[in-house]
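Residue-level structural notes
The lines below spell out each chain.
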Amino acid sequence: MKSKKVKIRSVDVPTAKPCGLVLNKQELSSIKDIAYTYPDEEFMYLRENEFDTFDPYNKLENLKMLDLSLNNIRSCDFLWGGTLSKESLREAQFPKLRHLYLTGNCIETLEGFSRLDRLETLALSSNAVQSFEGLGDLPNLRVLSLNFNEIRNFKHFPFLPALHSLNLVGNPIDPDKEDTEGHAHFRKMAIALSGEQLVKIDGVPIAEEEVKAADGYRGKIVFCMMEGFVPPIGVDDAAVEKEAEDFLLKMQQRLTHDKPLRLQSIQLVPGRRTPCAPESGKTGYPGPYPPTEGKPIELRVCLQDTRPVSKRKTEIFHSQYIFPVAFKVAGDASEVFVVGSVDEWQDEIPLDRIETENKDGTTSVSFQTNLYLCPGEYEYRYIVDGVEKISEDRKRMSRYGKGTCNYCPVQTNSFPDPEDDERDTILYIRWLRSNSTNGFSLIHDENSLKYTPTAQDVGHCLRAEVLSYLDGQFNSFVFDITCPIEPSTPECTSIEMEGEHEEDRTLFCSASYMGGAEGESLLQWVRVHPDGTQTKLDCHSWEYQCTGDDVGCKIRAVYTPVRQDGSAGAPKSCESNEVTAARPTIDSPQFVGELKAKSDVSIAYTFFRGEEGESRYQWFRLEEDDVSIPLRGETRQTYHTCKDDVGHMLMVHVTPVNTLGVEGATEELITEIIQP
């Protein structure tokens, strides 16, 4: 068969080229007429003109690249139709814009540079920008250039999931490269904020060791940097963490200063932090506790009620976990403070002066405050006009090395008020887990003072919040943030064995793992002999079928937890009772021999479960009406028929017995009629 030759005609396919305008250095101050004439342009080069705004006044639906560098533009309101109102920000004027160049203008704020879904490049170098505030919701932004502006910190720095290159040369936040330590510190901050997708800073690729160093800033430090905190240079990460903790506390104290509940202290600690013993010669608390998977983390908070005394008594903030405690000093004075372990002996908390008219017309003076505290035992003393005052009631030496003090127990409410669900002035606790956007996601059904991190939390930071509601309306909230949760040492928290410990039966093992992402953990089955010696079995699955060799022995399952990085924890095991021999059975029984008079007839079968011992047999002759007559003395496996058997059927009972003397169920078999 001959093949056909087919000639294909060549076709020229025209490729569409982007269309646009190049109008650099044209002394233009308005684009309105040009935009009206050319509404479908894909790019516009308008560098070095005289624009103080960009005024097309109509949507440029196809515009992908706009260069307005070296003009006099002061705002990006042109992106939203000439105004930055909430209504205008709903619809961009250039919906397909990918590259925007505004270098060398007079822009002072980034307000409005947001929600440009397709924007990939934003160049704003050599302007007068002082803050990142307003920048955000730019999911595809890859290059951000803000060289030679006036940015001093990373306050309001947004999460930019696609950011590849960040350029901040010439800003106060970005020291000259000759300042080696300062520039490295700046890069560390930028990497910690931006995440793993960032590849270059100021045109210089990020090294792997820089990424590892930036991990020390994750969590509370990163959050505080977005609030304006600048980590000090030349100190270790633990010291920076402490400064960030102080920054966060002071920031929240300012925010709650005029609220009904003013924050005095808040802290997340693994378990209850225990003060140093007096005999140790040390004061305060021992070193840092890294938050770790499987180790409970406890919220400790102190809130001061700033409302009038009458409301403090009648409109209590209800909670199952945080309770109001009254501190009161009678007698006149200029000022009274309370200081103590309610905030780890950090600050003096002022008491309010209260004047009360007595029935006899005199006036009584006292100083009072209410603190909302978690259950525990708190040390305190009063300072009255600069003099420490200690009551004889509940007096002791401080466990924190603070000398003589009083103490106050705060007990939990073991029996919640059934009306709590109906309260509208409450304190509410919730826990959150950090996510990939530098934000936090709610952990459902976790609303108490303690939370135990799970494997899902490893590598993430936790945040605990206390929200206050006054008369049913949200009023304020305070919070603290942990460092990233560390994986615990690989650990088997529980191991169990189920199934029947009998020959030919199956045992099942289950184990619970803790310690980060699980790697190739090992399960080993072991036979434990009566004398204590052990034999490793060639089985590593979660089930094991007992054999005849296991009879009289115990079976042990040994689980060794192994983390993904290869780190192994201590093995843990569980053990069965002694394996018993299975009751033997027979299978495929059949008669062998001729079924006629004066012949040998035997019962043949396959024996299961152990080795066959002295199995028992009994032969019968079936008479009329199926009456079975046992044949005396016929208790062997083979029976020699006789003339009396002719015309009858024979029956045999077989009771399987193994070498250990264990009997199985008796089987019954019946022959055909015996022939002459």
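Here the structure is a predicted model, which is why all the values come from computation and not from measurement.

Observations regarding the pattern of salt bridges
Counting across every chain of the model gives 30 salt bridges. A salt bridge links D237 to K188; its shortest N-O distance comes to 2.8 Å. Note that D237 is positioned in helix α5 (residues 237–255) and K188 in helix α2 (residues 180–194), a separation of 49 residues in sequence. Assessed through its relative accessible area of 27%, D237 is described here as partly exposed.

Topic: the nonpolar core
Residues F54, L66, L79, F113 and F154 are the most contacted members of the largest nonpolar core, which totals 69 residues. Of all the secondary-structure elements, those providing two or more residues to this core are α2, α4 (220–225), α5 and β25 (473–481). At 6 residues, the largest contribution of residues to this core is made by α2. Those residues in contact with F113 that sit more than four places away from it in its chain are C76, L79, L100, L102, I107, L122, L124, G134, L135, G136 and L138. If you look at the next biggest cluster of nonpolar residues, it comprises 45 residues, including L249, L261, C302 and I322.

Regarding the sheet that holds strand β33 (residues 585–592)
Spatial strand order, β33-β34-β37: 3 strands in an open sheet with antiparallel pairing. Taken across any chain shown, the strands that pair with only one partner, and hence form the sheet edges, are β33 and β37 (638–640). Each adjacent strand pair in this sheet contributes to an overall mean axis angle of 15°, direction not counted. In the sheet, strand β34 (residues 600–608) pairs with β37 via 3 bridges, with the strands oriented antiparallel. Along β37, the bridge assignment pairs D600 with H640.

Observations regarding the sheet that holds strand β7 (residues 165–167)
Either a parallel or an antiparallel arrangement is found when strands of a sheet pair, and the pairing is made through backbone hydrogen bonds. Spatially, β1-β2-β3-β4-β5-β6-β7-β8-β9 is the arrangement adopted by the 9 strands of the open sheet, whose pairing is mixed. Since the sheet does not close on itself, it has two edges, and those belong to β1 (20–22) and β9 (204–205), each with one partner. As paired strands, strand β4 (residues 99–101) and strand β5 (residues 121–123) are joined by 3 bridges and run parallel to one another. Following the sheet pairing, L100 is matched in β5 by L122.

Digging into the confidence of the model for the protein chain
Here the protein chain averages 88 in pLDDT, while 92% of its residues score no lower than 70. Under a pLDDT of 50 for its full length, residues 1–16 has, in the predicted model, 0 contacts with residues more than four places off or in other chains.

Points about unusual backbone geometry
The phi dihedral of E27 is positive, around 55°, even though this residue is not glycine. Looking at the element boundaries, E27 is found in the loop between β1 and α1 (32–37). What makes E27 exposed here is its relative accessible area of 62%.

Some thoughts on the packing of aromatic side chains
A full pass over the atoms with the stated rule returns 22 aromatic pairs. Pairing Y380 with Y382 gives two aromatic rings, centres 5.5 Å apart and planes at 70°, and the pair type is edge-to-face. Here the two residues Y380 and Y382 agree in accessibility, since each one is buried. Ring pairing ties together the aromatic residues F223, Y469, F474, F477 and F479, which thus form one cluster. For K188, the ring lying beneath its charged end belongs to Y217, and the centroid distance is 4.2 Å. Above the ring of F440, the side-chain terminus of R463 is found at 5.4 Å from the ring centroid.

A short note on a negative patch on the surface
Side chains of D176, E178, D179 and E181 sit close together on the surface and give a patch of like negative charge. Of note, E178 is situated in the loop between β7 and α2. Look at E178 and you get exposed, because its relative accessible area is 75%.

Things to note about the pairing of strand β10 (residues 261–270)
Within β10, 10 of the 10 residues are buried, leaving the element largely enclosed by the surrounding structure. Strand direction decides the pairing type here: β10 and strand β11 (residues 297–305), joined by 9 bridges, are antiparallel. By the bridge assignment for β11, Q267 is matched with R300.

Structural notes on α2
With 15 residues, α2 should reach 21 Å at 1.5 Å per residue; the first-to-last C-alpha distance of 21 Å fits that figure. In terms of burial, α2 is a largely internal element, 12 of the 15 residues being buried. When α2 is considered as a whole, its buried residues turn out to be G182, H183, H185, F186, R187, K188, M189, A190, I191, A192, L193 and S194. Looking one or two residues past α2, G195 carries a phi angle of roughly 95°, positive in sign.

Reading guide: rules and limits
- Residues numbered from 1 in each chain as written.
- Predicted model: local features only at pLDDT ≥ 70, side-chain atom pairs only at ≥ 80, totals over all residues.
- Heavy atoms only, no water.
- Salt bridge = Lys/Arg side-chain N within 4 Å of Asp/Glu carboxyl O.
- Helix = DSSP H or I, 4+ residues; strand = E, 2+ residues; numbered from the N terminus.
- Buried < 20%, exposed > 50% of the residue type's maximum accessible area, 1.4 Å probe, protein only.
- Core = buried A, V, L, I, M, F, W, Y, C linked by side-chain atoms within 4.5 Å.
- Contact = heavy atoms within 4.5 Å.
- Pairing = 2+ DSSP bridges.
- Axes fitted to C-alpha atoms, helices over the stretch in contact; angles between N-to-C directions.
- pLDDT = per-residue confidence, 0-100.
- Phe/Tyr/Trp six-rings, centres within 6.5 Å; stacked < 30°, edge-to-face > 60°.
- Lys NZ or Arg CZ within 6 Å of the ring centre and 35° of its normal.
- Patch = residues over 30% accessible without salt bridge, like charges linked within 9 Å, V, L, I, M, F, W, Y side chains within 5 Å.
- Areas by Shrake-Rupley, 256 points an atom, 1.4 Å probe, with all protein chains shown as cover.
- Lys, Arg positive; Asp, Glu negative; His and termini not counted.
- Charge placed at Lys NZ, Arg CZ, Asp CG, Glu CD.
- Expected span 1.5 Å × (residues − 1).

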